[in-house]
Structure formats: C-alpha cells, structure tokens
Amino acid sequence: FLSYFQNLTSQRVLKEEDLAPVLETLRNHLIDRNVAVDITGVLSESILKALVGKKIGTFSRVHTIVSTQMEQSIKKILTPSTATDVLRDINFVNKTENRPYSLVFVGVNGVGKSTNLSKVCFWLLQNKKKILVAACDTFRSGAVEQLRVHVRNLTSLCENLNLVGKVELFEKGYGKDSATIARDAISFAKNNEFDVVLVDTAGRMQDNEPLMRALAKLVTMNDPDKIVFVGEALVGNEAVDQLSKFNRALKDFSGLERPRQIDGIILTKFDTVDEKVGAALSMTYVTGKPVLFVGTGQTYTDLKKLNIKSIVCSLLGQ
Amino acid sequence: MLDEVIKDIQRALFESDVNARLVKKLTENIKKTCKLDEIPSGVNKKKLIQKTIFDELIKMVDPGTEPWKPIKGKVNIVMFVGLQGSGKTTTCTKLAFYYQRKGFKVCLVCTDTFRAGAFDQLKQNATRAKIPFYGSYSETDPVQLAIDGVDKFKSEGFDLIIVDTSGRHKQEAELFAEMKQISDVVQPTNSIFVMDGTIGQAADGQAKAFKSTVDIGSIIITKMDGHAKGGGAISAVAATGSNIMYITFYLPKFNLLFSFIGTGEHIHDLEPFTPKSFIGKMMGMGDISGLIET
Ligand SMILES: Nc1nc2c(ncn2[C@@H]2O[C@H](COP(=O)(O)OP(=O)(O)OP(=O)(O)O)[C@@H](O)[C@H]2O)c(=O)[nH]1
Ligand SMILES: Nc1nc2c(ncn2[C@@H]2O[C@H](COP(=O)(O)OP(=O)(O)OP(=O)(O)O)[C@@H](O)[C@H]2O)c(=O)[nH]1
Ligand SMILES: [Mg+2]
Ligand SMILES: [Mg+2]
C-alpha cells in the first residue's frame, strides 16, 4: 500500500528499451496501413530521439506517450509548408500577368491522371473559368477520345447547371511530340483568352528513361505553373520510388540550373483503400509537397480536399 | 543473430509490399523450422533462412499444376476483371495477340460502358493487332453488351473470346453486382484477375472480395517492367486462399494460378510467370540462382 503512494510521486526516465517495443508495434501497424517502410523507420527514429531521456510520471503509459508523439509527427508531415490555394494562384496569374495558368498532370500508368484532370476541370468550371484541355498523351490508345468524351460531358454539364465556365479540347492526335503540343496549346490558350490550361500526359514508369526524358522536355519547354503528380492511394512502397525518381528525372534531364520539381499531389482512388491510407503519408513525406486534392470516385464531383484529421485517425486507429 | 537475420528479411518482404499478416506467419514458421543451434558451423545461416522463406513463398505461388490454357477447337471464354487502371484492357489485347499467334481464332468484347474512351481504346488496340472486336458507342448496359458480343462470336465459331470489363472496387457494391451479372451471362471458362504490380497493403482485401464474387482462375500481374517487386500481389494470392492458410502454414494448393506478367505497354510485353525468379526479385535477392540450385 505504501509503495503505491511512493510510485505516484516518483518519476521515471524514458529509456530506449521502454520505447523500442512500443515503437515496433506502432511501426508494424503503420506498415499495415500502407505507409512505406522507409517512412515508418524515419518516424520511429525521430520519436525515439524526441522521447529518450524525458521524465514521465510512473503511471503514464509509454504507449500513450508514443502515440501522441507519433500523431504529432504525422500531422506535421501531412501539413504542407506551401500554400494549397490553387484558385487563388490562378486568379493571381490571370490578373497580374494576363496569361493562362497551366497545370501539367504527370504520373505512372493508370493512376487516374486523365480522370482527375477532368474532375479538376469541373471544379474550375464551377469557378467560372475558361479552360483548355491539352491532349498530350499521344501514346495510349483511346487517350484522346477519353478526353474528348470528358470535355463533351463537362460542356453539357455546364449547360445543365447554368455555369458560365467553358471548356475546349486541344488535340493533335497520336504519335506527335507531346512537348510541342503542350506549347501550341498554351499559346492557343493565350491568344484565345483561356484562364487555365490542363495538360494531360501519358503514364510512364519512373525507370523508363526515354519517357522520363520526354516528360522533362515537356516541362522545360513549357515551364508550367504547376506540376501535379497524380498517385493512387493503392500504391505501396513504390510511392517513394515513383516520386523521388520523377523529381530526379525533372532535375537530371532538364539541363536547367534551377530545375522544376513536383509542386503538388493528387491522391486518387482514395475510395478503394478503406483505412489503408498510408500512401498519403509516403507521398507527402518524399516530396514535402501538399496533397492538392483527393480523388474519391469516378465521377466529376469525386474530388475532395485532404482531411488531415481523418488520415491520422485511419492511420493510428484500430 | 537469428533475430537480426529475420529482421532483415522481414524488412525486404515489407518493402516488397508483402502483407503484414503474411510476414508474421512466415516469421513464426521460420522460428519453428529453422533450429539454428543445430546447424553445423560453416553453414551460412542467413542464406539458410532466406532459402526457407523462399521455398515457402514459392509454394504459395506455385501450386505445382499447369496454369489454365485455352483449348483449341472449343469455345473458350475468358473474362477480365480487376481494380480501376490495373491494366485489363491493355492485357486483353496482349493475351489475345499471344494466342492468335498460337493459331487460335481470337476476338475481343468490350463491355466497359463506363470509362470515357474505353471502347476506342480497345478498338484501337484490336485494330492494330488485327483482332476482331465487338463493342458499342450507344449501348449503355454492360450485361447486354456481354450477351450480344459473346453470342455473335460464338456463332461465328471463335475459339477464344476475351471479355473486357470496367474497373471496379469492393467498396462499391453495385459494381460488384454488375460483375456478377456479367459473369452469369457470359459463363466464362476462366476469369482472370488483373492486378497492378505496384499495389500495396490494400491488395489482400480487394483480391478476397473479387474472388468471393466471381470464380477467379488466374491472376495476371501487370507493370512489372518498373521497379515494383509485386509483393502486394503475392499477398493477394495468399489472401484469397486464406481460410486454408489459417489452418496450416504450409500454404495450400489454392487454385489461383499466375499465368503471365505484363512487362510493358506494348503488345509483346507479356511473359509467362516463373515463380522462382519472381520471388527472388521480390525478396531482393541478387544471388537467387545460387539459392535455387541448392
Ligand atoms: N475508384 C476510383 N477510380 C478512379 C479514381 N480516379 C480515377 N479512377 C479510375 O481509374 C482508371 C484509370 O484512370 P485514368 O484517368 O484513365 O488514368 P491515367 O492515369 O490517365 O491512365 P494512363 O493515361 O493510361 O496512364 C479509370 O477507370 C478511372 O475511372 C478515383 O478517385 N477512384
Ligand atoms: N508500363 C506498363 N504499363 C502498363 C502495363 N499494363 C498496362 N499498362 C498501362 O497502364 C494503364 C492502364 O491500363 P488499362 O489497360 O487502361 O487498365 P484497365 O484496367 O483497363 O483500366 P480501367 O478500364 O479504367 O479499369 C495504361 O497506360 C496502360 O498502357 C504494363 O505491364 N507495363
Ligand atoms: Mg490518361
Ligand atoms: Mg479498361
């Protein structure tokens, strides 16, 4: 009975041995939630550093302390340093520089670039923008027709909803150089007073050098306002490799002293992963860039803002 | 020592997206079967453990029977299913092309009325490969398209009819119901689940759901031309045979067979699946050839 009182008043210093097993459990939990292994490692290292040597009350549970610290670290990674107000950026460029704002959608095959480009287009239409969609995937069968259908759908949606926005397709068919088409699209948009150019590109594997060079060329030639990396929530550890190699290719193949890098992320197929939302963390950690939008389905309205709280919940919850 | 080696291997498996539960199972089993104290000195313990895990994984993906093959002169109907963007439409043509060159009378049916440009995609692929195809710009019911397409080609005496379907996921019940309906009218000889080789921890749940809705006979893993190791896909196979997995660790002879891996966007980029090199690559073992011989 006496010792019970003693314990209450005494303090304990956190040692690595106390923390390690808890961290290990938490790490495996995060891996199961589809966070890339590397990133779980970095997280647990930093938490170890932050907590070793700290004094805690005897009855505080190490688990709670570690979880709280983990939650903070995750929130920090998910909270971008750069602003994410795309609309404001567009308005700014339109007004002050009197030119269209351009976004290039890049990523590996089949992640949802074209579909989410169309969703962004719908969002911009709702915000009264005049948009040019540039069909710069000149490789994959049906890629041009896919965009044509979207532009047609969006146009009739606009009519039905009485939106003042307007959208047109700029295409030159298949087999042509995508960088040149993007350039022509942007200058067409400028001459015809479009507010935004959305550039669709072909999917490509991050290790495919010729295709990565072609992408770097498109970026260098057109210096778009935003390079948007489209990544799917389904992807596992590859997320890290994809993003770092897209960035590296943009750097290595640009020939520029100050090369462009990925500016933001669209995280797609979020509706297919339940609580396994770890890709959100992997992607933001690797780039330090914000998730601009989350794709949550296959219709035009399935585009949401990232809800950091709910990501943390899904990652750490049972 | 043992713990360290196991940690290393666990890490390699995790990094290849092998499902967490499966990694745990494998680890437990290693601890049980590898009596490290009894190994004479001189034997490389890490190699031994690696080899044990390697064998386990091989057992998992190699049921020891031949993958499904269409039979010439019969009506073989193959239905492709899978998550959005996994590579179904591309792989349909690859498979069609592969068997066309083997002398089959092959054709393609597009039932994807949902994705913008889906019919154009299949049409352009098929035209380039000179494969007859069926689809429609106006019909919006995939089940009707499936019926019409399959009937047409059946009556024309084709022996391999490949049916492409829209991408879908388990969270949307209606999409799964639609898949079931298509399967019911098509009565496929074989249903192929197409899985993206980069898939992570969600693989398991999705694969289970597909398997319990339609009778999947084969899996094709796509996009293995990249850097991906395909561990998520491997886990999905384990997941679909999971009831048995719980009883005995030695993974059962489930009837899912890996038949091919897609290795590129072009029509020739289709390779037969070879378990040993696949697992070797997945485990990040550079020196697998040595391992396989032992
Ligand atoms: N469930 C779900 N499906 C999505 C989402 N975004 C896109 N898709 C689907 O994913 C598939 C591929 O989408 P695309 O937009 O064609 O992908 P892409 O990246 O342009 O593909 P490539 O140009 O071939 O590299 C389509 O079936 C889309 O409907 C999403 O947020 N949720
Ligand atoms: N690099 C590479 N790309 C592939 C492979 N298989 C398919 N792709 C690409 O992946 C993207 C999606 O392929 P699709 O065949 O449209 O996928 P899908 O499953 O039919 O998509 P939905 O019908 O929208 O569900 C396209 O860009 C393909 O060219 C592969 O093995 N390697
Ligand atoms: Mg596309
Ligand atoms: Mg398709």
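Before reading on, note that the structure itself is shown above.
Rules used throughout
- Residues numbered from 1 in each chain as written.
- Chains lettered and ligands numbered in written order.
- Predicted model: local features only at pLDDT ≥ 70, side-chain atom pairs only at ≥ 80, totals over all residues.
- Heavy atoms only, no water.
- Helix = DSSP H or I, 4+ residues; strand = E, 2+ residues; numbered from the N terminus.
- Buried < 20%, exposed > 50% of the residue type's maximum accessible area, 1.4 Å probe, protein only.
- Contact = heavy atoms within 4.5 Å.
- Areas by Shrake-Rupley, 256 points an atom, 1.4 Å probe, with all protein chains shown as cover.
- Buried area = accessible area lost by both parts, 1.4 Å probe.
- Salt bridge = Lys/Arg side-chain N within 4 Å of Asp/Glu carboxyl O.
- Polar contact = N/O pair within 3.5 Å; in protein donor to acceptor, adjacent residues only side chain to side chain.
- Near = heavy atom within 4 Å.
- Pairing = 2+ DSSP bridges.
- Axes fitted to C-alpha atoms, helices over the stretch in contact; angles between N-to-C directions.
- Parallel < 35°, antiparallel > 145°, perpendicular 65-115°, else oblique.
- Nonpolar A, V, L, I, M, F, W, Y, C, P; charged D, E, K, R; others polar.
- Left-handed = near helix turned anticlockwise from the far one by under 90°.

**A few points about the overall build of chain B**
Regarding its fold elements, chain B presents 12 helices and 8 strands. The buried share among the 294 residues of chain B stands at 58%. Restricting the contact set of chain B to residue pairs at least 6 apart, pairs at least 24 apart contribute 78%. By element, 52% of the accessible surface of chain B is carried by carbon and sulfur atoms, the whole surface being about 12,100 Å².

**Structural notes on the interface of chain B and chain A**
One widely used convention gives an interface's size as the accessible area the parts lose upon coming together. With 37 residues of chain B at the contact, the number on the chain A side is 40 residues. For the pair chain B and chain A, the summed buried area comes to about 3,200 Å², and 51% of that belongs to carbon and sulfur atoms. Counting the contacts that link chain B with chain A gives 2 salt bridges. Lys 170 of chain B is paired through a salt bridge with Asp 274 of chain A; the nearest N and O atoms lie 2.6 Å apart. For the interface between chain B and chain A, the tally reads 17 residue pairs in polar contact (both at pLDDT 80 or more). Elements with a contribution of two residues or more to the side of chain B that touches chain A: helix 1 (2–15) and helix 5 (118–129) of chain B. Here the element with the most residues in the side of chain B that touches chain A is helix 5 of chain B; it accounts for 5 residues.

**Topic: unusual backbone geometry**
All names here are of chain A. For Asn 34, which is not glycine, the phi torsion reads 75° and is therefore positive. Structurally, Asn 34 is set in the loop between helix 2 (16–32) and helix 3 (37–51). By relative accessible area, Asn 34 is classed as buried at 3%. Within the chain, Glu 193 stands out as a residue other than glycine whose phi angle is a positive 55°. Checked against the element boundaries, Glu 193 lands in the loop between helix 8 (178–191) and strand 6 (196–201).

**What about the site of ligand 1?**
Close to ligand 1 lie 25 residues, the nearest being Lys 113, Thr 115, Arg 140, Asp 271 and Gln 298 of chain A. More than one chain reaches ligand 1: the nearby residues come from chains A and B. In the environment of ligand 1, an oxygen atom lies 2.8 Å from a nitrogen or oxygen atom belonging to the side chain of Arg 140 of chain A. In this structure, an oxygen atom belonging to ligand 1 sits 3.0 Å away from a side-chain N or O atom of Arg 115 of chain B. Look at ligand 1: alone it shows 660 Å² of surface, and the protein chains cover 96% of it.

**So, the pairing of strand 1 (residues 76–82) of chain B**
All names here are of chain B. Buried residues dominate strand 1, accounting for 7 of its 7 residues. Here strand 1 runs beside strand 4 (residues 160–164); their pairing, made up of 4 bridges, is parallel. Of the residues in strand 4, the one forming a bridge with Ile 77 is Ile 161. Alignment of strand 1 against strand 5 (residues 190–196), held across 5 bridges, turns out to be parallel. Bridge assignment links Met 79 to a residue of strand 5, and that residue is Ser 191.

**Brief notes about the packing of helix 3 of chain A against helix 11 (residues 278–287) of chain A**
Residue and element names in this part refer to chain A. Look at helix 3 against helix 11: their axes get within 10 Å of each other, and the N-to-C directions meet at 75°. Comparing their axes, helix 11 and helix 3 come out roughly perpendicular. Residue-level inspection shows Ile 39, Val 42 and Leu 43 of helix 3 in contact with helix 11, the latter providing Leu 281, Ser 282, Tyr 285 and Val 286. When grouped by side-chain class, the residues that make up the contact of helix 3 with helix 11 number 6 nonpolar, 1 polar and no charged.

**Section: the pairing of strand 4 of chain B**
Residue and element names in this part refer to chain B. Within strand 4, 5 of the 5 residues are buried, leaving the element largely enclosed by the surrounding structure. Every second residue of strand 4 is oriented toward a common face, with Leu 160, Ile 162 and Asp 164 on one face and Ile 161 and Val 163 on the other, all of them buried. As judged from the 5 bridges shared by strand 2 (residues 106–110) and strand 4, these two strands associate in the parallel manner. Among the inter-strand pairings, Val 109 is bridged to a residue of strand 4, identified as Val 163.

**Focus: the site of ligand 2**
The local shell around ligand 2 holds 24 residues, among which Lys 88, Thr 89, Thr 90, Arg 115 and Asp 225 of chain B are the closest. Chains contributing residues to the immediate surroundings of ligand 2 are chains A and B. Between Gly 85 of chain B and ligand 2, the recorded distance is 2.9 Å, taken from a backbone N or O atom to an oxygen atom. Between ligand 2 and the protein, one listed contact pairs an oxygen atom with a side-chain N or O atom of Thr 90 of chain B at 2.5 Å.

**As for the environment of Ser 310 of chain A**
All names here are of chain A. Position of Ser 310 among the secondary structure elements: in helix 12 (residues 308–316). Taking relative accessible area as the criterion, Ser 310 reaches 32% and is therefore assigned partly exposed. The sequence separation of Ser 310 and Asp 32 amounts to 278 residues, and the corresponding C-alpha distance is 17 Å.

**What about the packing of helix 4 (residues 62–78) of chain A against helix 11 of chain A?**
All names here are of chain A. The geometry of helix 4 relative to helix 11 is characterised by a closest axis approach of 8 Å and an angle of 60° between their N-to-C directions. Accordingly, the angle class assigned to the pair helix 4 and helix 11 is oblique. Helix 4 and helix 11 meet at a crossing whose hand is left-handed. Listed contacts from helix 11 to Ile 74, Ile 77 and Leu 78 of helix 4 are Ala 280, Leu 281, Thr 284 and Tyr 285. Looking at side-chain class alone, the contact of helix 4 with helix 11 contains 6 nonpolar, 1 polar and no charged residues.

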